[in-house]
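# Secondary and tertiary structure notes
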Amino acid sequence: MTTTPDTTTAPAPAPDADQRAFELLARCRPAWTGMTTVREVLGEERLLLHAGPPFSDPATIPAPVLNSLALACVFEGWADGIEEGRRLVVSGEVPVGAAQDHDIVVPLAGAVSPSMALHVVHDLGPSDDTHTDTATGSRRVRYAVLNEGQEYALRLGTSDLRIVAHHRWLNGAFAEELTAALAAALEAGPVELYPLMSAALAEGDECHSRTLAGSRLVAARLREPASGTASPGPGLSERSTAFLDGAGAFALNLWMAAASLTLGAAEGVADATLITRAGGNGKEFGVQLAGTPGRWFTTPATPPRGSVEPAHEGRRALGAVGDSAVVDVLGFGGQALEYAPTVRAALGEHLPEDAADRPARLLARPFAAGTGPAAPCASGGAGKYIGTSAARITAAGTGPMVLLGMIEETGTHGRIGGGVFDTPVSLFQEAAAG
């Protein structure tokens, strides 16, 4: 696989609008600044959110996503069981919307409900009058739900009621302990996310499919002593410590929020075609552009291409699902396989023929020095490039690769493998044309 582009191979400059958008994107400095709840962010008592673009009709929600939304109804106490939860969703009695439309990201077939805890990720980079909330003067922010671990997870789209009990602990005792541990860690300084992602890249993560190093680094940062003290701040209980240490994808949700925040820095730049939001809902895959914030462009969500695990031979995967696509669109995941040889080898024949060269054709800008992941490629190449646009994709004739878990389509068996969703160039041609 070729390296990410250096100064001699970097693509030609983008048009003025996209150039401005890329400059804003490159100045973003995401930092994990706290924890909150969905209720506090949205002020809603009866609303559920899902990944990807919104559904036009709740009756068309795929089974795995419907399962998760129904279990969220049980979690909130709105339904006594999953069948009642499904009825509430399909009938529209409980409203459903796209998480990214509320600046929240959620992985795979997961669901978001009012009582759930959220990571808070702010931009510590230079402010810009046209991209700051002038009414409040606040920094831009994005939110992400907690990673659920590997066993009882809404993101897997099953109807297992044990998920409800797990979420009551996850969004209760664990979230309270995590909030205290983070507050103590913040006494030692901001928990900036790109330095952690950079270190993870250097250890073999591509920051989407593989997040083992990143999750370990995040856990270690939580345990660092507060400034001026000799010992760590409030510790996690034995159960919480075991969960955190065993959650190899814990960092992913933070990386998702960081990516969403970074891409969103360009929103509102007139005529810019930078991709600012991206995700799938299992039925459609959609993107938004900087110049047309709030407008989804969609295409049918085909299943990721990958190997089905032997235990699930003969089963089919749901169409592309999850907001984690923002990680790949930014330039990690499928655009960072040079950093992750184990992931690249596992995907093998399922990767497009031009997978090695595609990042150099699509990614546009290096991060500003000292703020973004400048880790060298495994083969000694230049630092990480980020960001792409519908105009660049149209010119290249190929779209970004998105690494996704393969969720079984009937909502019975959960994750059945991992693969790559090769985004169709026609989606970006349509978006660029407006």
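A brief structural summary. (Residues numbered from 1 in each chain as written. Predicted model: local features only at pLDDT ≥ 70, side-chain atom pairs only at ≥ 80, totals over all residues. Heavy atoms only, no water.)

Core analysis: the largest hydrophobic core is formed by 80 residues, its most contacted members being W32, W255 and F285. Per-element tally for this core: the top contributor is helix α9 (residues 250-264), with 11 residues. (Core = buried A, V, L, I, M, F, W, Y, C linked by side-chain atoms within 4.5 Å. Buried < 20%, exposed > 50% of the residue type's maximum accessible area, 1.4 Å probe, protein only. Helix = DSSP H or I, 4+ residues; strand = E, 2+ residues; numbered from the N terminus.)

Taken in spatial order, the five strands make up an open sheet running β4-β7-β6-β1-β8, and their pairing is mixed. Two strands lie at the open edges of the sheet, namely β4 (104-105) and β8 (191-192), each paired on one side alone. As paired strands, β4 and strand β7 (residues 141-145) are joined by two bridges and run parallel to one another. Its bridge partner being in β7, I104 is matched across the sheet by Y143. (Pairing = 2+ DSSP bridges.)

Scanning the model with the defined rule gives five aromatic pairs in all. Geometrically, the ring pair formed by W169 and F174 is tilted, given 5.3 Å between the ring centres and 40° between the ring planes. Under the relative-accessibility criterion, W169 is labelled buried at 12%. Given a relative accessible area of 0%, F174 falls into the buried group. Where F174 meets F243, the ring centres are 5.1 Å apart and the plane angle is 75°; that geometry is what we call edge-to-face. Placement of F174 in helix α5 (residues 162-186) and of F243 in helix α8 (residues 238-246) is noted, with a sequence separation of 69 residues between them. The residues F174 and F243 share a single accessibility class, namely buried. Members of the aromatic cluster, each reached through a chain of ring pairs, are W169, F174, F243 and F250. Note that R46 overlies the ring of W78, its terminal NZ or CZ placed 5.2 Å from the centroid. (Phe/Tyr/Trp six-rings, centres within 6.5 Å; stacked < 30°, edge-to-face > 60°. Lys NZ or Arg CZ within 6 Å of the ring centre and 35° of its normal.)

Before going further, it helps to examine the pairing of strand β16 (residues 401-407). Burial analysis of β16 places seven of its seven residues in the buried class, which makes it a mostly covered element. In this sheet, strand β17 (residues 415-422) lies alongside β16 in antiparallel orientation, the contact comprising seven bridges. In the strand pairing of β17, L403 is matched with V420.

To continue, consider the pairing of strand β10 (residues 284-289). For a regular strand, the rule is simple: side chains alternate between the two faces of the sheet. Among the six residues in β10, five count as buried, and that is most of the element. The sheet contact formed by strand β9 (residues 275-281) and β10 spans five bridges and is antiparallel. Along β10, the bridge assignment pairs A278 with V287. With four bridges connecting them, β10 and strand β11 (residues 297-300) associate as antiparallel partners. Residue pairing across strands places V287 opposite F297, the latter belonging to β11.

It is worth spelling out unusual backbone geometry at this point. Note on backbone geometry: most residues besides glycine have negative phi, and most peptide bonds are trans. Here D103, not a glycine, exhibits a phi torsion of approximately 65°, which is positive. Counting through the fold element by element, D103 comes out in the loop between β3 (96-98) and β4. Its identity is not glycine, yet L108 carries a phi of approximately 45°, on the positive side. Within the fold, L108 resides in the loop between β4 and β5 (111-112). Accessibility expressed as a relative area gives 10% for L108, which makes it buried.

The strand order across the open sheet formed by three strands is β12-β17-β16, and the pairing between neighbours is antiparallel. The open sheet is flanked by β12 (305-308) and β16, the only strands paired with a single partner. The sheet shows a mean angle of 20° between the axes of neighbouring strands, taken without regard to direction. (Axes fitted to C-alpha atoms, helices over the stretch in contact; angles between N-to-C directions.)

A word on helix α6 (residues 193-202). Burial of α6 is extensive: seven of the 10 residues sit out of reach of the surface. Every buried residue of α6 is accounted for by L193, Y194, L196, M197, S198, A200 and L201. Residues of α6 that are buried in the fold lie against β1 (30-37), β6 (117-123), β8, α7 (212-222), α9 and α10 (325-330). Backbone geometry just downstream of α6 places G204 in the positive-phi region, at approximately 100°. (Contact = heavy atoms within 4.5 Å.)

Further remarks concern the packing of α6 against α7. The contact between α6 and α7 brings their axes to 8 Å, and the two run at 135°. Of the possible angle classes, the one that applies to α6 and α7 is oblique. The chirality of how α6 crosses α7 is right-handed. From α6, L196, A199 and A200 reach across to α7, where they touch A213, G214, L217 and V218. Its residues placed into classes, the contact of α6 with α7 shows six nonpolar, one polar and no charged. (Parallel < 35°, antiparallel > 145°, perpendicular 65-115°, else oblique. Left-handed = near helix turned anticlockwise from the far one by under 90°. Nonpolar A, V, L, I, M, F, W, Y, C, P; charged D, E, K, R; others polar.)

Counting across every chain of the model gives 20 salt bridges. Close ionic contact of E309 with R415 constitutes a salt bridge, the shortest N to O distance being 3.3 Å. Of the two residues, E309 sits in the loop between β12 and β13 (321-322) while R415 sits in strand β17, which places them 106 residues apart along the sequence. Residue E309 is classed as partly exposed on the basis of its relative accessible area of 32%. Note that R358 and D354 form a salt bridge whose closest N and O atoms lie 2.7 Å from each other. D354 shares its class with R358; the two are buried. Salt bridges sharing partners connect three or more residues here, namely D103, R142, E267 and R277. (Salt bridge = Lys/Arg side-chain N within 4 Å of Asp/Glu carboxyl O.)

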